[in-house]
Structure formats: structure tokens, C-alpha cells
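Below, each chain spelled out in residue letters.
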2 protein chains.
Amino acid sequence: MLDSVDAAIVRELQNDARISNKDLASKVNLAPSTCLERVRSLKARGVLRGFHADVDLGSLGRPLLAFIAVRIRPHTREVVDPFIAYTLKLPETVALSHVAGPDDFLVQVAVRDAAHLQRLLLDGFTSRREVAHLQTHLIFSHVHKWATEPYGPYGLE
Amino acid sequence: MLDSVDAAIVRELQNDARISNKDLASKVNLAPSTCLERVRSLKARGVLRGFHADVDLGSLGRPLLAFIAVRIRPHTREVVDPFIAYTLKLPETVALSHVAGPDDFLVQVAVRDAAHLQRLLLDGFTSRREVAHLQTHLIFSHVHKWATEPYGPYGLE
DNA sequence: AATGAAAATACATAATG
DNA sequence: CATTATGTATTTTCATT
């Protein structure tokens, strides 16, 4: 359960995680000491899970993004869990979703170029016995909305 | 072009964007003053694009995630650009990818429950004239790997 | 829960090697 | 780029409300 002050703190930290506690306090109309307590509590309650730099992937030598839709067979825990662990260990993997539907997983990857993507597909995915089907969607552009607002009054959840 | 020190700074800030400059400097074996300069330069060069809190969406009243694959028609700039602007304004939208393939867009949304998702699909998407086809993939689980490592030596890019 | 004040840290900058 | 020095600002704790 978030009150309106918590919601304001969460909003500000979604937009700028490196804001100083003093400036944050001033934005949400709290004394710095109170603000610090609120932030600690939000972390302790698991509302704030972490703080991360958003990095230009091109600068990291990975300018090309793609989704890889993967069907695995059999779709049992014995196969699913190791597949997830394996995929998350790949340095190309940026995000992994286990989804409902014809496809089982959507893997978002960041690579240097098309040749790198091809190698990843062949050596990293189709070579695995549990991978039954692959479909690749090149990403022309990708926008992440870093700040999600609470649903309902103040996210009474 | 990142050297190994830049790469280390970027890695640390991807893992913890709220680390103090002093602690960051110590982790990457720099003097604080030098470290501060490095971080500023990385921001100025666009390598570090921003810093964001990772928030538990359930706590915001949005525990259900889905991908919505959208085909729009015609796929012209006159239609594409307003569609992107519209979709990014929806409070349910978390991320939007313009992709190659049969589907034109993958929209990641966060909603309260299945009823909310249904309303979003009907009122937010299928009601629009340019939306030719929709396919929804419920997300069972989603993992974002916040730290992407450079490709090659130090991401010589 | 929130506050203000004190004590401990950290930041920002400049000068020097 | 590291170190040092300096003044300023922030963070953090804690007694009080």
C-alpha cells in the first residue's frame, strides 16, 4: 500500500535514480530525514527493487536489438528451468519473458551486427535439443518508458 | 570508445545507480575527483543516458504483464508516427518496439488484471482504425538483465 | 510518521606533482 | 591521473513532537 507521498517518491526515483536525498525531499515536500526513512521503507517492502543506469547499447558495441521467439519441447520444468538459466547467462540477453501462446519465450538480445545475430541463433539456440522453433524479429526502434504510474488512486495494492 | 575504466564505471552504475561517487571511485580504483570527471564525460558522450529505479509493478497495482503484437495498416509514416505517440501515452505501456516481420509493433503493457487487459485491448487498440491485427501474449515471468556487458575488449565502438 | 539540529561523510574545485 | 587541501553541501542519526 502506497500513500501519495510514497507514490511521488517512486515517481521521482523512476525518472532520476541519482537525485540527491535532499532534492528528492524537496520535490515531495518532506524533510530530508523523513524522506530517507520513506525510501528505506520502500526498499525494505520491495517496492523499490534497485537502481540502474540506462546505457546506450551502441556504445557497448551492441547496436542491434532483436526479439527471438522460442518454442521449446517438451515444455516441462526439467527443460524450462535450465533453458531460462542458460539464456540469462548469454551476454547477448537483455531480457527474457516466459509467455503464454504458441511461443514459449521472448528473448530480447543486443548484438553487434547481423553476423553476430546469426551466430547467436545458430550456436546459441538452434543447436540446443530443446529448441523446437525460432522466429526472429529485428527491432528498428525501442522505447522504454522508465516511469510507470500507479493504477488507481495511489496503487492501493 | 570506452577504455577499461569506463567499462567498469558503466558496469557498476548499471548494477547500482545510487552508489556514491566515493564508493564508485574505490570500486574502479580511481581517485574520487577523477571518477567524477569520468562519469560526467560518459553522460556528456551519451553512453550513460539516465538512471532509473526498478519498481515492483505489483506494488503499483499492475501485477499482470503482457506483450501485444500489433499490425497496422497502412504501414506508412503518416500512420506509424501517431500510433507510436499514442501508444507511448497510454499509462499501461511499459515499452514499445517497432519490429520487422509480420507484426509491426510489440507493446509491453502492465495492467491490474485480465479484465483491465481486455478493456485496454478493446478500447485502446482494436477500436483504432489503423490497427489491423492484434495478438496478445500473457507474460508468466519476466527478467530484465540490468547490466549488459560490452561486446569485444571494452566495447570499442 | 515527521521534524530540526548535530555529527559524520561526501562533494566540488583548485593547486601541485 | 593521483594527491592534497579547502570550503561547501549532503547524509545520517537521534532526541523530540
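Computed from a predicted model, the values in this text were never measured in an experiment.

The rules behind these values
Residues numbered from 1 in each chain as written. Chains lettered and ligands numbered in written order. Predicted model: local features only at pLDDT ≥ 70, side-chain atom pairs only at ≥ 80, totals over all residues. Heavy atoms only, no water. Helix = DSSP H or I, 4+ residues; strand = E, 2+ residues; numbered from the N terminus. Rg over C-alpha atoms; globule rule 2.2 N^0.38 Å. Buried < 20%, exposed > 50% of the residue type's maximum accessible area, 1.4 Å probe, protein only. Contact = heavy atoms within 4.5 Å. Lys, Arg positive; Asp, Glu negative; His and termini not counted. Charge placed at Lys NZ, Arg CZ, Asp CG, Glu CD. Least-squares fit on C-alpha atoms with pLDDT ≥ 70 in both. Near = heavy atom within 4 Å. Polar contact = N/O pair within 3.5 Å; in protein donor to acceptor, adjacent residues only side chain to side chain. Nonpolar A, V, L, I, M, F, W, Y, C, P; charged D, E, K, R; others polar. Pairing = 2+ DSSP bridges. Buried area = accessible area lost by both parts, 1.4 Å probe. Salt bridge = Lys/Arg side-chain N within 4 Å of Asp/Glu carboxyl O. Core = buried A, V, L, I, M, F, W, Y, C linked by side-chain atoms within 4.5 Å. Axes fitted to C-alpha atoms, helices over the stretch in contact; angles between N-to-C directions. Domains from an automatic or database assignment.

### Let's talk about the overall build of chain A
Part 1 of the argument: Assigned secondary structure in chain A consists of five helices and five strands.
Part 2 of the argument: Sequence-ordered secondary structure for chain A, helices as α and strands as β, is α-α-α-β-β-α-β-β-α-β.
Part 3 of the argument: Against the 2.2 N^0.38 benchmark of 15 Å for 157 residues, chain A shows a C-alpha radius of gyration of 20 Å, more extended than a compact globule.
Part 4 of the argument: With the C-alpha coordinates aligned to their principal axes, the bounding extent of chain A is approximately 55 × 35 × 25 Å.
Part 5 of the argument: Across the 157 residues in chain A, those meeting the buried criterion constitute 47%.
Part 6 of the argument: Taking contacts inside chain A between residues at least 6 apart in sequence as the whole, the part at least 24 apart equals 64%.
Part 7 of the argument: Averaging the coordinates of the 19 positive side-chain charges in chain A and doing the same for the 18 negative ones gives two points 3 Å apart.

### Here's the deal with the relation of the copies chain A and chain B
Part 1 of the argument: Once turned by 180° and shifted 0.0 Å along the axis, chain A lies on chain B with an RMSD of 0.1 Å. One copy is carried onto the other by what is essentially a two-fold rotation axis.

### Side note on the protein's contact with DNA strand D
Part 1 of the argument: Around DNA strand D, the surrounding shell consists of S20, N21, K22, S33, L36 and R40 of chain A together with N29, L30, A31, S33, T34 and R38 of chain B.
Part 2 of the argument: In this structure, K22 of chain A approaches DNA strand D through a side-chain N or O atom, which is 2.7 Å from a phosphate oxygen.
Part 3 of the argument: With respect to DNA strand D, the backbone of A31 of chain B contributes an N or O atom lying 3.4 Å from a phosphate oxygen.
Part 4 of the argument: Put simply, the parts of the chain that give the surface near DNA strand D at least two residues each are helix 2 (21–27) and helix 3 (32–44) of chain A together with helix 3 (32–44) of chain B.
Part 5 of the argument: A breakdown of the residues in the surface near DNA strand D according to their chemical character gives three nonpolar, six polar and three charged.

### Remarks on the protein's contact with DNA strand C
Part 1 of the argument: Surveying the vicinity of DNA strand C reveals the residues L30, A31, S33, T34 and R38 of chain A together with S20, N21, K22, S33, L36 and R40 of chain B.
Part 2 of the argument: Between DNA strand C and S33 of chain A, the relevant distance is 2.7 Å, taken from a base oxygen to a side-chain nitrogen or oxygen of the residue.
Part 3 of the argument: Contributions of two or more residues to the surface near DNA strand C are made by helix 3 of chain A together with helix 2 (21–27) and helix 3 of chain B.
Part 4 of the argument: Classifying every residue of the surface near DNA strand C by side-chain character gives three nonpolar, five polar and three charged.

### Regarding the pairing of strand 3 (residues 93–99) of chain B
Part 1 of the argument: For strand 3 of chain B, the tally of buried residues reaches seven of seven residues, placing the bulk of the element in the interior.
Part 2 of the argument: Relative to strand 3 of chain B, strand 5 (residues 131–144) of chain A runs antiparallel, the two sharing five bridges. Across the sheet, the residue bridging to S141 of chain A is H98 of chain B, located in strand 3 of chain B.
Part 3 of the argument: By the bridge criterion, five bridges tie strand 3 of chain B to strand 4 (residues 105–111) of chain B in an arrangement that is antiparallel. Along strand 4 of chain B, the bridge assignment pairs S97 of chain B with L106 of chain B.
Part 4 of the argument: In sequence, strand 3 of chain B turns back onto strand 4 of chain B through a hairpin of five residues, with G101 of chain B there showing a positive phi of about 125°.

### Observations regarding the interface of chain A and chain B
Part 1 of the argument: Contacts between chain A and chain B engage 64 residues on the former and 65 residues on the latter.
Part 2 of the argument: For the pairing of chain A and chain B, the buried interface totals around 6300 Å² over both sides, and the portion due to carbon and sulfur atoms is 54%.
Part 3 of the argument: Per-residue buried area on chain A facing chain B is highest for R18, H52 and Y151 of chain A; these three make up 14% of the total on that side.
Part 4 of the argument: The interface formed by chain A and chain B holds two salt bridges in total.

### With respect to the nonpolar core
Part 1 of the argument: Core analysis: the largest hydrophobic core is formed by 57 residues, its most contacted members being L13, L24 and L48 of chain A together with I9, L13, L24 and L48 of chain B.
Part 2 of the argument: Here this core gets five residues from one element, more than from any other, and that element is helix 1 (residues 4–15) of chain B.
Part 3 of the argument: Those residues in contact with L48 of chain B, other than ones at most four positions away along the chain, are A53, D54 and V55 of chain A together with V10, L13, V39, L42 and K43 of chain B.
Part 4 of the argument: With 20 residues, the next largest nonpolar core counts V80, L90, V109 and V111 of chain B among its residues.

### Structural notes on the pattern of salt bridges
Part 1 of the argument: This structure, assessed with the given rule, holds 20 salt bridges over all chains.
Part 2 of the argument: In this structure, D54 of chain B engages R49 of chain A in a salt bridge whose closest nitrogen and oxygen atoms are separated by 3.3 Å. Here D54 of chain B, found in strand 1 (residues 48–55), pairs with R49 of chain A, found in strand 1 (residues 48–55), and the two come from separate chains.
Part 3 of the argument: When its relative accessible area of 11% is taken as the criterion, D54 of chain B is described as buried.
Part 4 of the argument: Since its relative accessible area comes to 54%, R49 of chain A is described here as exposed.

### Some words on the sheet that holds strand 3 of chain B
Part 1 of the argument: Here eight strands make up a closed barrel; going around it, the order is 2(A)-4(A)-3(A)-5(B)-2(B)-4(B)-3(B)-5(A) and the pairing antiparallel. In this sheet, neighbouring strand axes are inclined to one another by 35° on average, regardless of whether the strands run parallel or antiparallel.
Part 2 of the argument: Docked against the sheet, helix 5 (residues 114–126) of chain A engages strand 2 (64–72), strand 4 (105–111) and strand 5 of chain A, running at close to 145° with respect to strand 5 of chain A.
Part 3 of the argument: Contacts from helix 5 (residues 114–126) of chain B reach strand 2 (64–72), strand 4 and strand 5 (131–144) of chain B, with the element oriented near 145° to strand 5 of chain B.

### Let's talk about the domain arrangement of chain A
Part 1 of the argument: When the domains of chain A are assigned, the result is domain 1 (4–44) and domain 2 (57–139).
Part 2 of the argument: Of note, the centres of domain 1 of chain A and domain 2 of chain A, computed from C-alpha atoms alone, are 37 Å apart.

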